[in-house]
Amino acid sequence: MKYLFKNALVVTMNEGLDVLESCHVLVESDRIKAMGSSLSPELTEGAQIIDAEGKLLMPGLINGHSHVPMTLLRNFADDMNLQTWLFDHIFPAEGKLTGEDVHWGTQLGIMEMLATGTTCFIDMYFFMDDIARAAELSGIRAQLSRGMTGQDKGPDFSENKSLNESIEFYKKWNGAAGGRITGAFAPHAIYTCSPEYIEAIRDAAEKYEAPIHVHLDETKVEHEDSLKNFGKTPARHLYDLGVFDRKTVAAHCVWVTGEDLELLKEKGVSMVHNPTSNLKLASGVAPVPAAMADGVNVLLGTDGASSNNNLNMFEEINRAALIHKGTTLNPLLISAAESLKMATVNGAKALGREDLGIVKAGGKADLILLDLDKPHFMPLHNPISALAYSAEGSDVCLTMVDGRILYENGEFKTIDKEKVYYSIRKICERIF
Ligand SMILES: [Zn+2]
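Residues numbered from 1 in each chain as written. Predicted model: local features only at pLDDT ≥ 70, side-chain atom pairs only at ≥ 80, totals over all residues. Heavy atoms only, no water.

### Section: the overall build of the protein chain
Check the secondary structure of the protein chain and you find 16 helices and 18 strands. In terms of overall dimensions, the protein chain is globule-like: its C-alpha atoms have a radius of gyration of 21 Å, near the 22 Å expected for 432 residues. Taking the principal axes of its C-alpha atoms as reference, the protein chain extends roughly 65 × 50 × 40 Å. The buried share of the protein chain, taken over its 432 residues, is 60%. Restricting to contacts in the protein chain with at least 6 residues of sequence separation, those with at least 24 account for 73%. As displayed, the protein chain offers around 16,700 Å² of accessible surface, 49% of which is attributable to carbon and sulfur atoms. Side chains of the protein chain give 41 positive and 59 negative charges; the mean places of these two sets differ by 3 Å. (Helix = DSSP H or I, 4+ residues; strand = E, 2+ residues; numbered from the N terminus. Rg over C-alpha atoms; globule rule 2.2 N^0.38 Å. Buried < 20%, exposed > 50% of the residue type's maximum accessible area, 1.4 Å probe, protein only. Contact = heavy atoms within 4.5 Å. Areas by Shrake-Rupley, 256 points an atom, 1.4 Å probe, with all protein chains shown as cover. Lys, Arg positive; Asp, Glu negative; His and termini not counted. Charge placed at Lys NZ, Arg CZ, Asp CG, Glu CD.)

### Focus: the domain arrangement of the protein chain
According to the domain assignment, the protein chain contains domain 1 (2-60 + 358-412) and domain 2 (61-350). A straight line from the C-alpha centre of domain 1 to that of domain 2 covers 29 Å. Every contact between the two is made by 28 residues of domain 1 and, on the other side, 29 residues of domain 2. Buried area between domain 1 and domain 2, both sides added, is near 2,200 Å², and the carbon and sulfur share of it is 68%. (Domains from an automatic or database assignment. Buried area = accessible area lost by both parts, 1.4 Å probe.)

### Some thoughts on unusual backbone geometry
Residues Gly154 and Pro155 are joined by a peptide bond in cis, for which omega reads 5°. Mapping Pro155 onto the fold places it in the loop between strand E8 (141-148) and helix H5 (161-173). At Glu209, a residue that is not glycine, the phi angle is positive and equals roughly 50°. Mapped onto the secondary structure, Glu209 falls in the loop between helix H6 (195-207) and strand E11 (212-216). With a relative accessible area of 65%, Glu209 lands in the exposed category. Positive phi is not limited to glycine here, since Cys253 has a value of about 50°. Mapped onto the elements of the fold, Cys253 is located in the loop between strand E12 (248-252) and helix H9 (258-267).

### Looking at the packing of H5 against H6
Packed helix pairs are characterised by how far apart their axes lie and by the angle those axes make with each other. For the pair H5 and H6, interaxial distance at closest approach is 11 Å and the crossing angle is 15°. The angle between the axes of H5 and H6 places the two elements in the roughly parallel class. Helix-helix and strand crossings are classified by hand; for H5 and H6 the assignment is right-handed. On the side of H5, the interface is formed by Ser162, Leu163 and Ile167, while H6 contributes Tyr197, Ala200, Ile201 and Ala204. (Axes fitted to C-alpha atoms, helices over the stretch in contact; angles between N-to-C directions. Parallel < 35°, antiparallel > 145°, perpendicular 65-115°, else oblique. Left-handed = near helix turned anticlockwise from the far one by under 90°.)

In structure tokens:
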């Protein structure tokens, strides 16, 4: 398909953070073919026109850390500490889930993400085939991995069920759906995986040249237990186990020290800031300003919907731009632009992609359109500030991935909303 967005206000998220008024953006197949204030008729011939007058076009948001099917557990166990929440409520409920349940929960999560401007998510969960199937059908972009937990000491992990599942999943899905779906290996965390198991996972990731997705130093308990059990911080523990030798996305990093940040920087580990989840579970506030000052790539994520309790990245952008001002007493930290970068270009960098998270000719057509005809966008002195401080996820009126419109004005093009809602109700009747 060929689309022409006409007269959009374009927030490019390029190096210069250029904002272009009355800009036309031509999409052909899965990429942005051309953009500018005037495009030749020969170039745009045959394109379907999308009138973007009074609308803002920007790169689709990248959710850096999620467990999408946890939409099923939304608002189920709230207002408790992470260990109680996870071990006494979430893990037992998850034990009752089937692959089919996870498939429907994923579709619900993808609906929510598309409707609030997310075009790509980095996810770790189980029943990954069912998640990948939902991602494939929906048209969204995703990096997926099976979260692995285990206290085995080895030395032989060849019969290990979840490791073998991970390997099979990676072989089957990495590069699938025209490259929209990629894979990773995911040791869940240092408190749910023995060092030997983490090493086995690292070896598998190395063999398949796969990236890693891991939870890191999320809580004070995790940090202190690591010092007690291993005599080192969680980041140093993973560093010493060679995990960071693979391209790694580390979620949370709330309790990382200054020395840990040096390790992340040295190995090019991307750190995912999950402000809402960290606030809700009272895990703390990640040292994002220090990480950014050290040159660590920081992206943004929602975490699962049961610790958030939504998958709306505009809320994360807003919170990331606010909480560090409050905790550091410095209103210069974090700027609106920095927060928006975390949700776009920095996410793309974590995935090793230069063609995502930015509106540019040749880039992937993963784009969203926001309706500016809202009181909270008036007056529009600074579009970047407006996106960080005034925008709502519900301002998104069109979401495109790989040049395909997946959501437009409340309508999902690839997902049967009624069928998803019906299935979710049935699942909840059975489980809760
Ligand atoms: Zn998580």
